[in-house]
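# Structural description and commentary
Given next are the chains, with one letter for each unit.
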Amino acid sequence: MSDEVKENGTSEVPEIELIIKASTIDGRRKGACLFCQEYFMDLYLLAELKTISLKVTTVDMQKPPPDFRTNFEAAHPPILIDNGIAILENDKIERHIMKTVPGGYNLFVQDKEVATLIENLYSKLKLMLMKKDEHKDSALLAHLKKINDHLEQRGTRFLTGDTICCFDCELMPRLQHIRVAGKYFVDFEIPNSYTALWRYMYNMYQLDAFTQSCPADQDIINHYKLQQMLKMKKHEELETPTFTTSIPIDINDSN
């Protein structure tokens, strides 16, 4: 296990530990698990507000340490530990952050329109990566266009307003997978004409909550290589990790 700690300078707040999957390339750095990054972002935001102290631990699931199996048996990360109690299932982790972790309630805004807007986006990426026909990207493009139009209509920095919320922590990791894996496997790119979406991604790239939780491009790519039973390139573990966070439009010109 390897530890990454976000300190907030006080011992009066509770310490929350989040166990996440490690890289499938080197077994140490952050892996490309969407749920792990989503909850990492949620908790990082709360640590920035000093309502909690956050400890993040990565576990190599290809070679989990004996104490991990002893403590958690067949469970897989993300795993949240609060005051010695382990929460093992995604829906329970989300509920715990919302109802029990100090400050968490403020992240979980109610917006049925946004909830509906972003659901099933990831399934369209998976479908695009599996399909071989020339229209493989049409469903994903249409979905991204809806998100772009929503952002354009609302005119806010994030999905529900000018403050980041749980929906942003869910959407942005998926957009990063779409961007990195889509380009690598099927040469898919988010159109430059989706200016509101690119502006949104630019705003997310400015946040430590995203950049500190974001896996390397190589780990996102290897995540899908493993799903497709493709082999890693020789010496891939020796590559310097890269992170795609630039955008192809001029923000000042897109307003």
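Everything here concerns the structure above.
Treat the numbers as computed from the prediction; the structure is a model and nothing was measured.

Another aspect to go through is the overall build of the chain. If you tally the helices and strands in the chain, you get 12 helices and five strands. For the chain, with 255 residues in total, the buried portion stands at 47%. A total accessible area of about 12,900 Å² is found for the chain, and carbon and sulfur atoms account for 49% of it.

Glancing now at helix H3 (residues 90–99). Taken residue by residue, H3 has Ile93, His96 and Ile97 as its buried positions. One side of H3 holds all its buried residues, which, seen down the axis, span an arc of 95°.

With that settled, consider empty space enclosed by the protein. Summed over the entire model, instances satisfying the criterion amount to one cavity of 30 Å³ or more. When its volume is computed, the largest cavity comes out at roughly 40 Å³. Lining the largest cavity we find Ile20, Lys21, Lys30, Gly31, Cys33, Cys36, Gln37, Phe40 and Ser213. Among the secondary structure elements, those contributing two or more residues to the lining of the largest cavity are strand E2 (15–21) and helix H1 (34–48).

Gaps left between atoms show up when a probe the size of a water molecule is rolled over them. In this model, the largest pocket occupies a volume close to 290 Å³. Together, 18 residues line the largest pocket, and Lys21, Thr24, Ala32, Cys33 and His223 are the ones closest to its centre. At the level of secondary structure, the elements contributing two or more residues to the lining of the largest pocket comprise H1 and helix H11 (217–227). In terms of residue count, the dominant contributor to the lining of the largest pocket is H11 (four residues).

As a further point, take the pattern of salt bridges. Scanning all chains against the criterion turns up 11 salt bridges. Here glutamate 38 ties to arginine 174 by a salt bridge, and the two come within 3.8 Å at their closest N and O atoms. A residue pair is termed long-range when its members are at least 10 positions apart, and glutamate 38 in helix H1 and arginine 174 in helix H8 (residues 166–186) qualify at 136 residues. Notably, a salt bridge pairs lysine 183 with aspartate 187, separated by 2.6 Å at the nearest N-O pair. For lysine 183, a relative accessible area of 38% corresponds to the partly exposed category. Judged by its relative accessible area of 53%, aspartate 187 is exposed. Each member of the salt-bridge network shares a partner with another, and the members are Asp26, Arg28, Arg29 and Asp219.

Rules of the game
Residues numbered from 1 in each chain as written. Predicted model: local features only at pLDDT ≥ 70, side-chain atom pairs only at ≥ 80, totals over all residues. Heavy atoms only, no water. Helix = DSSP H or I, 4+ residues; strand = E, 2+ residues; numbered from the N terminus. Buried < 20%, exposed > 50% of the residue type's maximum accessible area, 1.4 Å probe, protein only. Areas by Shrake-Rupley, 256 points an atom, 1.4 Å probe, with all protein chains shown as cover. Arc of directions from axis to C-beta. 1 Å grid on protein atoms, 1.4 Å probe; cavity = no way out; pocket = protein on both sides within 12 Å on 5 of 7 lines; lining within 4 Å. Points joined across faces, edges and corners; volume = space filled by probe spheres on them. Salt bridge = Lys/Arg side-chain N within 4 Å of Asp/Glu carboxyl O.

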